[in-house]
Amino acid sequence: MEKPSPDKFWTWFNPVGRETGGWAFILNRVTALGLTFYLYLHLVILSQLATGPQAYDQFVALMRNPISISAEVLVVAAGIMHGLNGIRIVLTTFGFGVTRQKQLFYGLMALALVIILFFTVRMFTA
Amino acid sequence: MSEKWNITLKVSRQKEGETPHFDEYKMEVDPDEYVLDAVERVWAFMDRTVCFRHACHHSTCGACGMRVNNVEKLTCITSIRDMCQDGGTLKVEPLRNFPVISDLAVDMGSLYNRLEAVGARSVLPVPEAEIEKPASTWDPADQQYIRLADCIECGLCISACPSAATSSGYLGPAVLAGAQANGLKRNPELLQLVDAEDGVWRCHSAFECSAVCPSLVDPARRIMNLRTQVFTERFSRLFHKA
Ligand code: SF4
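Read on for a plain summary of the structure. Since we're looking at a predicted model, the values are computed, not measured. (Residues numbered from 1 in each chain as written. Chains lettered and ligands numbered in written order. Predicted model: local features only at pLDDT ≥ 70, side-chain atom pairs only at ≥ 80, totals over all residues. Heavy atoms only, no water.)

**Some words on the sheet that holds strand β5 (residues 89-93) of chain B**
Residues and elements named next belong to chain B.
So, step 1. If you walk across this open sheet you meet the five strands as β2-β1-β5-β3-β4, and the pairing is mixed. The open sheet is flanked by β2 (21-29) and β4 (71-74), the only strands paired with a single partner. Strand after strand, the sheet turns through a mean of 35° between neighbouring axes, direction not considered.
So, step 2. Here strand β3 (residues 65-68) pairs with β4 via four bridges, running antiparallel. Within β4, the residue paired with glycine 65 across the bridge is leucine 74.
So, step 3. Against the sheet, helix α1 (residues 35-46) contacts β1 (5-13), β2, β3 and β5, and its axis sits at roughly 100° relative to β2. (Pairing = 2+ DSSP bridges. Helix = DSSP H or I, 4+ residues; strand = E, 2+ residues; numbered from the N terminus. Axes fitted to C-alpha atoms, helices over the stretch in contact; angles between N-to-C directions. Contact = heavy atoms within 4.5 Å.)

Structural data, given as structure tokens:
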């Protein structure tokens with residue numbers, strides 16, 4: 001078989017010619033990378049906060065602006081979509097919904113949308 | 001009189017050491033002809049250097065798999081009408097995840113070797129070939145009859161699989177489907193091969209293999225079933241010494 005190469009890594013994200021399951025696969029990769037990046041960012045920020053109360057106050061003020069809240073909504077959305085997509089994978093692995101994997105994906109993503117909307121409203125109005 | 005379309009056939013070209021590029025061929029076709037007919041017309045009347053694989057022309061040999069307008073297709077049963085429109089372009093490329101030998105022909109050796117490694121059967125008892133109806137619905141008496149296995153070893157599933165793109169060691173959908181059809185109960189020695197990083201666990205549930213399979217093997221379903229077989233076999237080995 002052909003050897004893996006760095007440029008083939010992008011084939012993971014190429015949506016051209018893909019079916020529903022392929023879209024679910026791409027979504028899982030994108031959200032996983034986003035969440036990993038967020039985790040790194042989170043640790044860097046936490047280490048900054050340890051420098052004193054002034055840094056903490058500045059950070060809290062920064063997080064109140066709409067751009068920061070939108071970024072937080074994105075993190076929540078990625079977590080929910082990744083988690084529910086993971087449930088699809090676990091279910092199909094155990095033989096549940098294999099022949100209905102498309103409907104399973106659409107159903108779980110509809111649920112994700114409802115939960116994301118709920119959190120979006122909560123986060124912007126809190 | 002048959003309908004006529006004017007199309008552009010865009011063929012991926014790559015001889016040894018070359019970077020791939022496309023050559024375009026304009027032609028008149030009957031839209032109900034197959035994509036393979038258009039490729040053959042190029043070879044017969046326009047360019048004898050175009051290289052591609054084909055044999056039976058009726059979806060049995062599995063040789064003419066290509067990517068047509070970005071989707072894996074068995075070109076001998078894919079009509080031009082289904083892939084483009086009058087005045088449109090038909091793009092044909094070699095399968096992914098196999099080394100390109102020349103233009104549209106790829107080296108399928110790795111698939112054949114792995115099918116052999118899992119003992120994939122090309123002929124099996126009729127009730128075990130699930131193409132017509134589930135195994136459980138056959139009369140046990142039919143066990144005496146044999147037929148060809150559903151998998152025609154075309155490699156479309158390997159080409160469409162995103163996991164195969166990033167791990168050259170991955171057994172791949174057709175091979176895991178072959179192992180599943182054999183069953184771990186009957187072939188316990190297969191457990192080590194399939195219960196591995198490049199076995200059933202490399203599959204990331206994209207289900208692209210089943211979407212492109214022209215022979216209703218449904219490799220994704222079989223991989224999921226093989227995972228269940230792996231769990232069952234591992235669990236039972238906890239209580240029984242080998
Ligand atoms: S499983 Fe289907 S797509 Fe894969 S090699 Fe066999 S027939 Fe072709």
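**Examining the interface of chain B and chain A**
So, step 1. With 28 residues of chain B at the interface, the matching set in chain A holds 24 residues.
So, step 2. Both faces combined, the contact of chain B with chain A buries some 2400 Å², and carbon together with sulfur accounts for 60% of it.
So, step 3. Here chain B and chain A share one salt bridge between them.
So, step 4. Between Glu208(B) and Arg18(A) there is a salt bridge, and its shortest N-O distance comes to 4.0 Å.
So, step 5. Looking at the side of chain B that touches chain A, the elements with two or more residues in it are α3 (109-117), α4 (156-160), α7 (208-212) and α8 (219-239) of chain B.
So, step 6. It is α8(B) that contributes the most residues to the side of chain B that touches chain A, five residues altogether. (Buried area = accessible area lost by both parts, 1.4 Å probe. Salt bridge = Lys/Arg side-chain N within 4 Å of Asp/Glu carboxyl O.)

**A few points about the packing of aromatic side chains**
So, step 1. Taken as a whole and judged by the stated rule, the model has five aromatic pairs over all chains.
So, step 2. Each ring, one from Phe94(A) and one from Phe231(B), has its centre 5.0 Å from the other, and the planes form 5°; the classification is stacked. In this pair, Phe94(A) sits in the loop between α3 (66-93) and α4 (101-125) while Phe231(B) sits in helix α8, so the two residues belong to two different chains.
So, step 3. Its relative accessible area of 45% is what places Phe94(A) among the partly exposed residues. (Phe/Tyr/Trp six-rings, centres within 6.5 Å; stacked < 30°, edge-to-face > 60°. Buried < 20%, exposed > 50% of the residue type's maximum accessible area, 1.4 Å probe, protein only.)

**Side note on the site of the ligand**
So, step 1. Around the ligand there are 13 residues in total, and Cys151(B), Cys154(B), Gly155(B), Cys157(B) and Cys213(B) lie nearest to it.
So, step 2. Among the residues making up the shell around the ligand, the classes are represented as 10 nonpolar, two polar and one charged. (Near = heavy atom within 4 Å. Nonpolar A, V, L, I, M, F, W, Y, C, P; charged D, E, K, R; others polar.)

**Details of the side chain of Glu233(B)**
All names here are of chain B.
So, step 1. Turning to its location among the elements, glutamate 233 is positioned in helix α8.
So, step 2. On the accessibility criterion, glutamate 233 (13% relative accessible area) is buried.
So, step 3. Setting aside residues no more than four positions away along its own chain, glutamate 233 makes contact with Leu184, Lys185, Pro188 and Leu191.

**Considerations on helix α5 (residues 173-182) of chain B**
Residues and elements named next belong to chain B.
So, step 1. Along α5, nine of the 10 residues are buried, which leaves the element largely enclosed by surrounding structure.
So, step 2. Looking only at α5, the buried set comprises Pro173, Ala174, Val175, Leu176, Ala177, Gly178, Ala179, Gln180 and Asn182.
So, step 3. Along its buried surface, α5 packs onto α3, α4, α6 (191-194), α7 and α8.
So, step 4. Looking one or two places after α5, you find glycine 183, whose phi comes out positive at around 85°.

**Details of the environment of Asp32(B)**
All names here are of chain B.
So, step 1. Relative to the helices and strands, aspartate 32 is located in the loop between β2 and α1.
So, step 2. Overall, aspartate 32 belongs to the partly exposed group, its relative accessible area being 45%.
So, step 3. Once residues within four sequence positions are removed from consideration, aspartate 32 is found in contact with Ser79 and Arg81.
So, step 4. Among the polar contacts made by the side chain of aspartate 32, one reaches the side chain of arginine 81 at a distance of 2.9 Å. (Polar contact = N/O pair within 3.5 Å; in protein donor to acceptor, adjacent residues only side chain to side chain.)

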